[in-house]
Amino acid sequence: MRIGILGPLRVTGTHIRGARLRVLLIRLALEPGRVVTAETLADDLWEEPPANPAAALHSLVSRLRRELREGLQEGLQGAVVSHPAGYLLDVPPQEVDAAEFEHLVRAGRAERDPRRSAAFLRSALSLWRGAALADAADLPFARVAAARLEELRLSALEARVTADLAVADAAAAGALVAELEELVAAHPLREPFHALLMRALCAAGRRGDALETFERVRRRLADELGVDPGTELRAAHLEALRDPPAAPVSPKRAVRGNVPAPVTSLVGRREDVARVRSLLSAARLVTLTGPGGAGKTRLAVEVAGGLTAASGVWLVELASAGDSADVAAAVRATVPPAAPEPDGDAATRPAASPLDALAEALAGRELVLVLDNCEHVVDGAAVVAERLLAGVPGLRILATSREPLDVPGEHLHPVGPLALPVDGVDAARALEFPAMALFAERASAARPGFAVDDSVVADVVAVCRELDGLPLAIELAASRLRSFTVRQLAEAVGERLTLRGGRAAGPRHRTLRAVIDWSWGLLSPGERVALRRLSVFAGGATEEAALRVCGAGLETVACLVDRSLVVVAEPDGPADRAARVRYRLLETVRAYAAERLEEAGEARAVRDRHLGFFLETAEESEPGLRTAGQLRLLAMLDAERGNLDAALGHAVRTGREGQALRLFTARLWAWTVRGRGDEAAGWARAIRAALGDAAPPGLELSHTLCVLLASDGPYASPEALRVVEESGHPVALWAWIVGVRPSGGGAEHWRRALAAMRAFGDHEDPWARATALLMGGIGEFEYGRAGARAAEAWLREALAGYRALGERWGLSLALYWLSLAAENRGDAAEALTLLEEAAELAGLIGGLEAVPVPLMLRVRLAQLRARTGDLAGAERELARAGEVAGRTGDRVAAARVRQAAGEVARRRGEFDEAEGLLVEALDLVGGQAGVPEQFLATVHVELARVRADRGDRAAAWRSLRSALESSGCAGDETVRAMVLEAVAEWCAAGGDLPRAALLAGAARSLRGLELTSRVRSGR
């Protein structure tokens, strides 16, 4: 189940941050596959709708999509779909536990066989984890939906107990009595539970207790409600009064079978148990597939332990079967005969095959067979299963195998690794994930008193991730805590293949190496070659990559998938689905296969082919990153990020300087667009350290770009600038951004950059022309003399160029700087519109390189929303920004959030709160090195306005003096203008209008705007 709302919201593989986002997903999940209108969503999500509900909803949906993308949740990326009327959650209903719950309840009620009915209902009820819709409990829509679901849960409980009671003997009825007594205590006025309790008491031979129960509930109904018992209670009373009481309908007592009682709890497989039991109630052959160590046998035992059959539930262990012919013999040896077999007429019957004889012996019996470990005798297991299912109508089979049996009627249930948390979660959140819960439970058994807390959670996450979330591997690792610390275990987990199990473990489960050895031994020679070569891929391979690098065709890869050694990863989006399927190895299998690759002497040659393939891939995609195909190509390069890193690392380690520089350059623009400058710089330093300072012939530009990134200084050398200027390559413009643009006070350097960029003004590449305009606009806005109006004209021309191309990175930057230009001339509404579009695009492409940090986008959005009157929207933006600042621990970031919150509080008229927030902002950065003077000036200006609004002009002037001092050190004319405007406001409020007009004019001059005598009103 990917989305769980029957309890606190749970989304497999990710954590949805933000209460409003969780509410939105819950509301959509109540109607999976159906459009929920925008009006309905706005009414349901906000008790007091925002000023612009459509825009607020659109923003919320965008954030939810981003959360699902960041969580890397396969199958949910792209699941929130826009529709002209609203939005829908585009997932199958069975992916939402509430919808699956209702489906199973309907199936249970429709089923006439009490056992099958109880199985359906038990599976349905197992999906509940707490109060339904818990994360939205305070909203009206959730209260109504939760009440309906809770009523359905209680009625399902009644139906399940009724079904169990219909086939219960006295002992089973006694167990039901205990359950029903808890239910009537929790729901004392719910009459059906009392009626069922009376019937269970009678079936257990406790007729007097049943009559006493009736009297007790009759009195309570009369005292509290003033009513008599209803029809169902009266009927149960009459049944109890019969002499003798009616005997329950009970079939012949079921044979227990040989399924062992589990000695440990099954962690993280609750939904698997429910689904497998549901499958077995509707199908006669269910096969659990998955890699070695995934816990198929343990899951099968858990499922089988809850099944009943007249002739028993029998576990048939096939691990020791020598060949396919032994399968029938193993079944015959496990299942005892129904009665002594007569042999009087044996001479008159034709000799039957052992399999036919087995089918004959089981005919007419109702039983369940658990065929465990079928993979090494899969052909024989398939033949036996097909023959017995055809000849024994009362037979159901649950099989475990690393590959399907592939017979008619087979239903598969893949048993995959346990879900893992993302990095950076705290211990409480991490322990909600099954892999972490399993480690914690097994580790506490190995080392009494051990607990996963915030001091060790990062190491435990790392261990579980390195072990792919495989239960066997996690259990083996947790047992090492008898002699290791968690830190030592995290450092040693690379030697995962040597992890050993307990003395009672079978040979195949004694170590992880033995687990995979077992699968390796079942492969054909061609499959072994393909598997070991696939180990060079980091993060998986497409069909084309597997063929070209490994020589592995689709048929061979499909065989490895069937054997649970290769995992199929479906693409994120609906487009081009077939071509983007990826095949990957679990890291444990990959480590094993890499050893085999080294043993075969093929490692260098295969890695060389891998490097060549991904160099070609990167170079072919690079020009398209500056076109409308940008998002598709970025998604492809993100998927191949591990392979690209592995290829570049191989080139550096083996001294292939030409290929290393080419691959570095081909990846440069993707790094830029995704905001991964530190990653690019790290690779640049590694390449320079390994390959030296000399540029290979023909790669002068690539070498220069590498030098620019590896350099710790802010400026490029004259030689580097000459190479960039003469190259004419569009990506060289990026070198100007990182290699020429200084961190402050660099007007001379900008003029040099602008002069050099004239060469790009008539470039044949339209993207290069648009980017030259963008850079010119930014340069004029910050350092130029033509004024902000001229800068805005350049930026709008750049914007038009990017829109024509459909290129989102440049478009987002142009919008961002245009929003600054609009804010500079006092148009907060236009600035907000522009910045909202920039933020939306930034979310799509992964960040704005020229915006300091994503948090600042949120802070600016909050400030602009406040200045346009949307105080509630501003607070929501600041709440999100506060979460980001809290996670990073950045004091300056936290101070920026408080400064903006202080402005919002002032606009609400809450001056004490505003002053407290602004003083707190100054305290946070007090004594901090490198705090921007521009920021200090803005805080002091806002503090001056708060104090002026409270009537304390003297305190306001002291804050303005501090702002003037900071702005004088800042070297930022826009900030100086802002401070002068605040001083003009202070003068105007004191009646000194001539001085106010003079200051306001000076401020507009600093902003590059026409002079006017009006005092700005942008407060």
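Residues numbered from 1 in each chain as written. Predicted model: local features only at pLDDT ≥ 70, side-chain atom pairs only at ≥ 80, totals over all residues. Heavy atoms only, no water.

Another point: the overall build of the chain. On a plain count of helices and strands, the chain comes out with 46 helices and 13 strands. Here the chain, with 1019 residues, has 50% of them falling under the buried criterion. The long-range share in the chain, meaning contacts at least 24 apart out of those at least 6 apart in sequence, stands at 69%. (Helix = DSSP H or I, 4+ residues; strand = E, 2+ residues; numbered from the N terminus. Buried < 20%, exposed > 50% of the residue type's maximum accessible area, 1.4 Å probe, protein only. Contact = heavy atoms within 4.5 Å.)

Let's shift gears to the sheet that holds strand 11 (residues 541-542). Taken in spatial order, the three strands line up as 11-13-12 in an open sheet, and their pairing is antiparallel. Either end of the sheet is taken by a strand with one partner, and the two such strands are strand 11 and strand 12 (567-569). (Pairing = 2+ DSSP bridges.)

When the terminal C-alpha atoms of helix 42 (residues 911-925) are compared, their 22 Å separation across 15 residues agrees well with the 21 Å that a helix rising 1.5 Å per residue should span. Summarising the contacts, the buried residues of helix 42 are in contact with helix 41 (891-908) and helix 43 (933-949). Taken from the residues just after helix 42, Gly927 is the one with a positive phi, measuring 80 degrees. (Expected span 1.5 Å × (residues − 1).)

Moving on to the packing of helix 11 (residues 270-282) against helix 12 (residues 296-305). Axis separation between helix 11 and helix 12 bottoms out at 10 Å; the angle between their running directions is 60 degrees. By the angle between their axes, helix 11 is oblique relative to helix 12. Judged by the sense of rotation from one axis to the other, the crossing of helix 11 with helix 12 is right-handed. Between helix 11, through Asp272, Val273, Val276, Arg277 and Leu280, and helix 12, the contact on the second element is made entirely by Leu299, Glu302 and Val303. (Axes fitted to C-alpha atoms, helices over the stretch in contact; angles between N-to-C directions. Parallel < 35°, antiparallel > 145°, perpendicular 65-115°, else oblique. Left-handed = near helix turned anticlockwise from the far one by under 90°.)

In this section: the packing of helix 36 (residues 788-805) against helix 37 (residues 808-824). Between helix 36 and helix 37, the least distance of the axes is 9 Å, while the angle of their chain directions is 155 degrees. Relative to helix 37, helix 36 is oriented roughly antiparallel. By crossing handedness, the relation of helix 36 to helix 37 is classed as left-handed. Within the contact between the two elements, helix 36 uses Ala788, Glu792, Leu795, Arg796, Leu799, Tyr802 and Arg803 and helix 37 uses Gly810, Leu811, Ala814, Leu815, Trp817, Leu818, Ala821 and Asn824. Of the residues in the contact of helix 36 with helix 37, the class split is 10 nonpolar, two polar and three charged. (Nonpolar A, V, L, I, M, F, W, Y, C, P; charged D, E, K, R; others polar.)

Moving on, we come to a nonpolar patch on the surface. A contiguous nonpolar surface patch, about 230 Å² in accessible area, is contributed by Leu189, Leu225 and Val227. On the basis of relative accessible area, Val227 is assigned to the partly exposed category, the value being 35%. (Patch = residues over 30% accessible without salt bridge, like charges linked within 9 Å, V, L, I, M, F, W, Y side chains within 5 Å. Areas by Shrake-Rupley, 256 points an atom, 1.4 Å probe, with all protein chains shown as cover. Salt bridge = Lys/Arg side-chain N within 4 Å of Asp/Glu carboxyl O.)

Right, let's get into unusual backbone geometry. Of note, the phi angle at Asn373 is positive, near 65 degrees, even though the residue is not glycine. Structurally, the position occupied by Asn373 is in the loop between strand 8 (367-372) and helix 15 (378-391). For Asn373, a relative accessible area of 7% translates into the label buried. Positive phi is not limited to glycine here, since Asp406 has a value of about 65 degrees. Summarising the element assignment, Asp406 is placed in the loop between strand 9 (395-401) and strand 10 (410-414).

Turning to the nonpolar core, a few remarks are in order. Core analysis: the biggest nonpolar cluster contains 158 residues, and Leu398, Phe439, Leu531, Phe537 and Phe664 have the highest contact counts within it. Examining the composition of this core, we find that 11 residues originate from one element, helix 37, more than from any other. What Leu531 contacts, discounting residues up to four positions off in sequence, is Trp520, Leu523, Leu560, Leu565, Val566, Leu585, Val589 and Ala593. In terms of nonpolar packing, the next biggest core, distinct from the first, is built from 78 residues, Leu68, Ala145, Leu149 and Ala203 among them. (Core = buried A, V, L, I, M, F, W, Y, C linked by side-chain atoms within 4.5 Å.)

Now for the environment of Ala538. Tracing the backbone through its elements, the reader meets Ala538 in the loop between helix 22 (525-534) and strand 11. Residue Ala538 is classed as buried on the basis of its relative accessible area of 15%. Counting along the chain gives 105 residues from Ala538 to Asn643, while the straight-line C-alpha distance between them is 4.9 Å. Each residue touching Ala538, except ones within four places of it in the same chain, is listed here: Arg590, Gly642, Asn643 and Ala646.

Taken as a whole, this structure holds 11 aromatic pairs when the rule is applied. Between Phe101 and Trp128 the ring centres are 5.6 Å apart and the planes differ by 80 degrees, which places this aromatic pair in the edge-to-face class. With Phe101 in helix 4 (residues 97-110) and Trp128 in the loop between helix 5 (114-125) and helix 6 (140-166), this residue pair connects regions lying 27 residues apart in the sequence. Note on Phe101: relative accessible area 0%, which makes it buried. Linked through ring pairs, Phe537, Phe613 and Phe614 together constitute an aromatic cluster. (Phe/Tyr/Trp six-rings, centres within 6.5 Å; stacked < 30°, edge-to-face > 60°.)

Right, let's talk about the sheet that holds strand 3 (residues 36-37) for a bit. In any sheet, the strands associate via hydrogen bonds between backbone groups, in a parallel or an antiparallel arrangement. Read across the sheet, three strands follow the order 3-5-4 without closing on themselves; strand pairing throughout is antiparallel. Looking along the sheet, the strands with just one partner apiece sit at the ends: strand 3 and strand 4 (80-83). Examined bridge by bridge, strand 4 and strand 5 (residues 86-89) share four bridges and lie antiparallel to one another. What sits directly across from Val80, in strand 5, is Leu89. Most of the contacts of helix 1 (residues 19-29) go to strand 5, to which it runs at about 75 degrees, and overall it touches strand 3, strand 4 and strand 5.

Tallied over the full model, the rule gives 69 salt bridges. For Glu792, the salt bridge identified is with Arg796, shortest N-O distance 3.2 Å. Of this pair, Glu792 and Arg796 both sit in helix 36, separated by four residues, roughly a single helical turn. For Arg907, the salt bridge is made with Glu903, and the minimal N-O distance between the two is 3.2 Å. Note that Arg907 and Glu903 are positioned in helix 41 at a spacing of four residues, about one turn of the helix. Salt bridges sharing partners connect three or more residues here, namely Glu792, Arg796, Arg825, Asp827 and Glu830.

Let us look at the environment of Asp827. As for its placement among the helices and strands, Asp827 is situated in the loop between helix 37 and helix 38 (828-845). In the structure, Asp827 is positioned 40 residues away from Arg867 in sequence and 9.7 Å away in space, judged by C-alpha atoms.

This next bit is on the side chain of Ser535. On the secondary structure map, Ser535 appears in the loop between helix 22 and strand 11. A residue is classified by how much of its surface remains accessible, and Ser535, at 5% relative accessible area, is buried. Those residues in contact with Ser535 that sit more than four places away from it in its chain are Leu585, Arg590, Ala593, Ala594 and Leu597.

Time to look at the side chain of Glu877. One can find Glu877 in helix 40 (residues 871-888). Contact partners of Glu877, with chain neighbours within four places excluded, come to Arg858, Leu861, Ala862 and Arg865.

Before going further, it helps to spend a moment on the pairing of strand 5. Side-chain direction in a regular strand flips from residue to residue, so the side chains alternate between the two faces of the sheet. Sheet topology note: the strand 3/strand 5 ladder contains two bridges and is antiparallel. Following the sheet pairing, Val36 is matched in strand 5 by Tyr87. Between the antiparallel neighbours strand 4 and strand 5 lie two residues.

If pLDDT is low for a region, its predicted coordinates should not be looked at in detail. Residue-level pLDDT values for the chain average 82, and 87% of them are 70 or greater. Here helix 33 (residues 732-739) stands out as the element of the chain with the lowest mean pLDDT, 58, in contrast to helix 26 (residues 603-621), whose mean of 96 is the highest. In the model, residues 501-506 has pLDDT below 50 throughout and makes five contacts with residues more than four positions away in sequence or in other chains. Scored below 50 in pLDDT, residues 1011-1018 makes 20 contacts in the model with residues more than four places away or belonging to other chains. (pLDDT = per-residue confidence, 0-100.)

Within the fold, Leu127 resides in the loop between helix 5 and helix 6. A C-alpha to C-alpha distance of 6.4 Å links Leu127 and Asp97, two positions 30 residues apart in sequence.

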